[in-house]
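Residues per chain, in single letters:
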Amino acid sequence: MTLQVTVTASGRMSLPADIRKRLGLAQGGAVYVDETEDGIVLRTAAQAVARAQALAKQFTGGNPEASVDAFLARRRDDSGE
């Protein structure tokens, strides 16, 4: 779906109410802006987290030993803590 929204001189824009409701932003909330070669992408916080998790899984192959928690546990073991 493509919609046109107006950006004011001060940089503000309004998302239509039905989109805000569908995305869980009916009461407001954070939206993250990614600038890409093709333009901009808006993501909710939940969408940004899901994307980061998918990227991490892609680069770690889903290996639980590649997690930050596993890394820190190995460092604690190595240091004798």
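Structure: see above.
In this text the structure is predicted, and so the values were computed from the model without any measurement.

**Focus: the overall build of the chain**
(1) Moving on: On a plain count of helices and strands, the chain comes out with 3 helices and 2 strands.
(2) Moving on: The order of α-helices and β-strands along the chain, N terminus first, is α-β-β-α-α.
(3) Moving on: For the chain, the C-alpha radius of gyration of 19 Å lies well beyond 12 Å, the compact-globule estimate for 81 residues.
(4) Moving on: Along the three orthogonal principal directions, the C-alpha set of the chain runs to about 60 × 30 × 25 Å.
(5) Moving on: Put simply, the chain has 81 residues, and 6% of those count as buried.

**Remarks on helix α3 (residues 68–79)**
(1) Moving on: When the terminal C-alpha atoms of α3 are compared, their 16 Å separation across 12 residues agrees well with the 16 Å that a helix rising 1.5 Å per residue should span.
(2) Moving on: One or two positions beyond α3, positive phi appears at Gly80, with a value near 85°.

**Quick notes on the environment of Asp18**
(1) Moving on: Within the secondary structure, Asp18 sits in helix α1 (residues 17–22).
(2) Moving on: Residue classification places Asp18 among the partly exposed positions, given a relative accessible area of 46%.
(3) Moving on: Residues Asp18 and Thr2 lie 16 residues apart in sequence; the distance between their C-alpha atoms is 14 Å.

**Examining the pattern of salt bridges**
(1) Moving on: Tallying each qualifying case throughout the model produces 2 salt bridges.
(2) Moving on: Two residues, Arg43 and Asp34, come together in a salt bridge whose shortest N-O distance is 2.1 Å.

**Looking at helix α2 (residues 45–60)**
(1) Moving on: The first and last C-alpha atoms of α2 sit 22 Å apart over 16 residues, in line with the 22 Å expected at 1.5 Å per residue.
(2) Moving on: Of the residues trailing α2, Gly61 is marked for its positive phi of about 65°.

**Focus: the side chain of Arg43**
(1) Moving on: One can find Arg43 in strand β2 (residues 39–44).
(2) Moving on: What makes Arg43 buried here is its relative accessible area of 17%.
(3) Moving on: If sequence neighbours within four positions are ignored, Arg43 has contacts with Ala30, Val31, Tyr32, Asp34, Ala48 and Arg51.

**Quick look at a nonpolar patch on the surface**
(1) Moving on: Residues Val5, Val7, Met13, Val31, Val33, Ile40 and Leu42 make up a contiguous nonpolar surface patch of about 550 Å² in total accessible area.
(2) Moving on: Breaking the nonpolar patch down by element, the ones donating at least two residues are β1 (31–36) and β2.
(3) Moving on: Residue Met13 is classed as partly exposed on the basis of its relative accessible area, which comes to 34%.

**Considering the environment of Gly24**
(1) Moving on: Topologically, Gly24 is positioned in the loop between α1 and β1.
(2) Moving on: Between the alpha carbons of Gly24 and Arg43 there is a distance of 12 Å; along the sequence they are 19 residues apart.

**Overview of the pairing of β1**
(1) Moving on: Pairing between β1 and β2: 6 bridges, direction antiparallel. For Tyr32, the partnering residue across the bridge sits in β2 and is Arg43.

Procedures and definitions
- Note on numbering: residues in each chain are counted from 1, in written sequence order.
- Where local features are concerned, this predicted model is filtered to residues with pLDDT of at least 70; where side-chain atom pairs are given and counted, the filter is 80 or more; whole-chain, interface and lining totals use all residues.
- Each side-chain value is worked out from all heavy atoms of the structure, with water and hydrogens disregarded.
- Strands here are runs of E lasting at least two residues and helices are runs of H or I lasting at least four, both read from the DSSP assignment and numbered beginning at the N terminus.
- What the globule rule says is 2.2 Å times the number of residues to the power 0.38, and the radius of gyration is computed from C-alpha atoms.
- Remark: exposure states derive from per-residue accessible area (1.4 Å probe, protein chains only) relative to the maximum for the residue type, with buried under 20%, exposed over 50%, and partly exposed in between.
- Take the number of residues in a helix, subtract one, and multiply by 1.5 Å to get its expected span.
- For this analysis, a salt bridge means a side-chain nitrogen from Lys or Arg found within 4 Å of a carboxyl oxygen belonging to Asp or Glu.
- Contacts are residue-level and defined by heavy atoms, with any inter-residue pair within 4.5 Å sufficient.
- Each patch groups residues whose relative accessible area exceeds 30% and which form no salt bridge, using 9 Å between like charges and 5 Å between nonpolar side chains of Val, Leu, Ile, Met, Phe, Trp and Tyr.
- Residue exposure ignores everything except the shown protein chains as possible cover, and the areas themselves are Shrake-Rupley values with a 1.4 Å probe.
- Criterion used throughout: strands pair if DSSP finds at least two bridges between them.

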